[in-house]
Structure formats: structure tokens, C-alpha cells
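Descriptive structure summary
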Amino acid sequence: MEEIKIKGVVIKAVDFKDSDKLVTIFSAEKGLVKARVRGVKKDKAKLAFAVQPFAFIEFILTERSGFYTVINASSIDQFFDITADFDNYLFMLSCLEVVEKTVRENQVQPELFVLLLNSLKSVCYDGAPAVNVFVKFMLESMKYLGFFFNLDSCSVCGGELKTGFYGFSYDYNGLICPKCGNKNEYLDLTQGEFAVLKNINQTEVSKLKNLKFNSRDGCLGVVSLIVKIFKLSTDQDIVTVKQFF
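In short, a report on the structure. Within any chain, residue numbers begin from 1 and follow the written order of that chain's sequence. Under the rules for a predicted model, residues below a pLDDT of 70 receive no local features and side-chain atom pairs below 80 are neither given nor counted, while totals for whole chains, interfaces and linings still include all residues. The basis for every side-chain value is the complete set of heavy atoms in the structure, and neither hydrogens nor water enter the calculation.

1. Points about the packing of aromatic side chains
Heads up, the rule is: When the centres of two rings from Phe, Tyr and Trp lie within 6.5 Å, Trp using its six-membered ring, the rings pair. Their planes under 30 degrees apart give stacked, over 60 give edge-to-face, and anything left gives tilted. Numbering of helices and strands runs from the N terminus; a helix is a DSSP stretch of H or I covering at least four residues, while a strand is a stretch of E covering at least two. The buried label applies to any residue whose accessible area, calculated with a 1.4 Å probe on protein chains only, is under 20% of its type's maximum; exposed applies above 50%, and partly exposed to all values in between.
Scanning the entire structure with this criterion turns up 7 aromatic pairs. Where Phe26 meets Phe113, the ring centres are 5.6 Å apart and the plane angle is 70°; that geometry is what we call edge-to-face. Of this pair, Phe26 sits in strand β2 (residues 20-27) while Phe113 sits in helix α2 (residues 110-124), and the two are 87 residues apart along the sequence. Pair check on accessibility: Phe26 and Phe113 agree, each one buried. Three or more aromatic residues link up through ring pairs in this structure, and these residues are Phe26, Phe56 and Phe113.

2. A look at the pattern of salt bridges
Note the following rule: Should a side-chain nitrogen of Lys or Arg be within 4 Å of a carboxyl oxygen of Asp or Glu, the pair is scored as a salt bridge.
Counted according to the given criterion, the structure contains 10 salt bridges. Among the ionic pairs, Lys12 bridges to Glu100, the shortest N-O distance being 2.8 Å. You can see Lys12 sitting in strand β1 (residues 3-16) and its partner Glu100 sitting in helix α1 (residues 86-102), a full 88 residues away along the chain. Overall, Lys12 belongs to the partly exposed group, its relative accessible area being 32%. Take Glu100: its relative accessible area is 27%, and that puts it in the partly exposed class. Between Lys136 and Glu140 there is a salt bridge; the shortest N-O distance is 3.2 Å. Highlighted residues: Lys136 and Glu140, both in helix α3 (residues 130-145), separated by 4 residues, approximately one helical turn. By the burial criterion, Lys136 is buried, and Glu140 matches it. Because the salt bridges share partners, they merge into one network encompassing Asp15, Lys21 and Lys41.

3. Comments concerning unusual backbone geometry
For Phe79, which is not a glycine, the phi torsion comes out positive at approximately 50°. Within the secondary structure, Phe79 sits in the loop between β5 (67-77) and α1. On the basis of relative accessibility, which here comes to 1%, the residue Phe79 falls in the buried class. Even without a glycine there, the phi angle at Asn173 is positive, about 50°. Judged by its relative accessible area of 23%, Asn173 falls in the partly exposed class.

This is the structure we're talking about:
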């Protein structure tokens, strides 16, 4: 039976039969892959490390009738420190949830894969605020998935966005100016929330550690908006992050 080698991040693992787990892997080579890990629920199972969320693993798989089985694995990075802080854990778990809900099995998404790895590294090793990293992850992933919205001009008329007024239109999937806001329903954004959104959008993932905001509420307001836009665009909820609201 042919062996297949992939490198991927563990998205989740669920119980499968008595002592096995079915692990969902986001890989560079094959996109999303589901594979059985035998005996991993037993005491002292040698592959227990390979079914932990966030773990970056080199897997060796076999395939039979379209069903994969893990026969060996080696750890590249476990990102242990992410689990030490509850906020970091929930925000980064939400990134994994987004991947699971937007990437199809065997659909290769190299840009999204690199973005996920860099996001995990930014929180784990750079100490970047996970809320900032989550917002950046969402903004960038929406670009790759084809439903990003413009932050520089009105989505209705194309005019410049004026200081002091910010709104998001679900009908036009973008920000709108005061003139168009008088004619269309929109979701209010405070000036602080808009500043958070713009600053995070303009900052590279590797530099998010240097981005500090005075108001946590402003950051959470942006998270709430992003989650609503994601549902509007994909008809999918990000359940994990809703624990903050």
C-alpha cells in the first residue's frame, strides 16, 4: 500500500470507534484531510501528540478507497504556549474553525496554510494579542476566499470615507459613506472600531506584536463585525469566538 507524506496543522480530532480518533488536518500538499489514528486513546499511545489542536505535524498516511489512515507522525511544532492563556486559546481555536468551515477536502490553499502557520507563530512566540491576530486572519482569509470588503472607499458610490462616520452595509458587503448611509441600512462602527480595523488590515502578521490599542471593547467590536460578515458571506457561524459576547 502506497505511503503518502504530508505536513499539516491539526484542526480537530474526534472519537472514532473504541480507541481511535478521526483527525482533521490542514496540509500544504492536500488541503483538508481526514485520517484515522488507531489506538490513540489508549494509555501511553505513541501518537497522542499528533491529535492535539494547533500541532504542526509531518504525517505518513496510507489511503484505501479514499479513506486515510495515519501510520506514523513526527512533531514539527506543538505551539504549546497558546493553550496557556484562555483568550489566546479561544481566538486561535476560532481560526481553526474558520479553516474547517471554508476549505473543502483535498482543496489546496497554500496562502491560507501559510497565513494559519504565521498566525500561530505570532501568538505563540511573538506575544502578539490573539484578538488582533484573529482579526488579521479573518481579513486575509476573506481575501483568499473571495469575499473581502474595501476599507478605503464607499462600497455604494466609491467615494472617500469621511472622518466621524463609519457604517457597514450588508446589502453592499462593504463600508458606506454618509450620503449612501442616508439611503441604505447599515451597521454602525465607532471611530475607534474603524481605526482598529484599518490598523490591523495595514499591519503584517509578523508585526502585530507592536500593535496596541487602548480599548479592548473596540477590538471585540471589530471581532463581532467580522463574525457577522463571515456568516453573511458563507452562511456559517464561528461558534468558538462567540464566547466573548
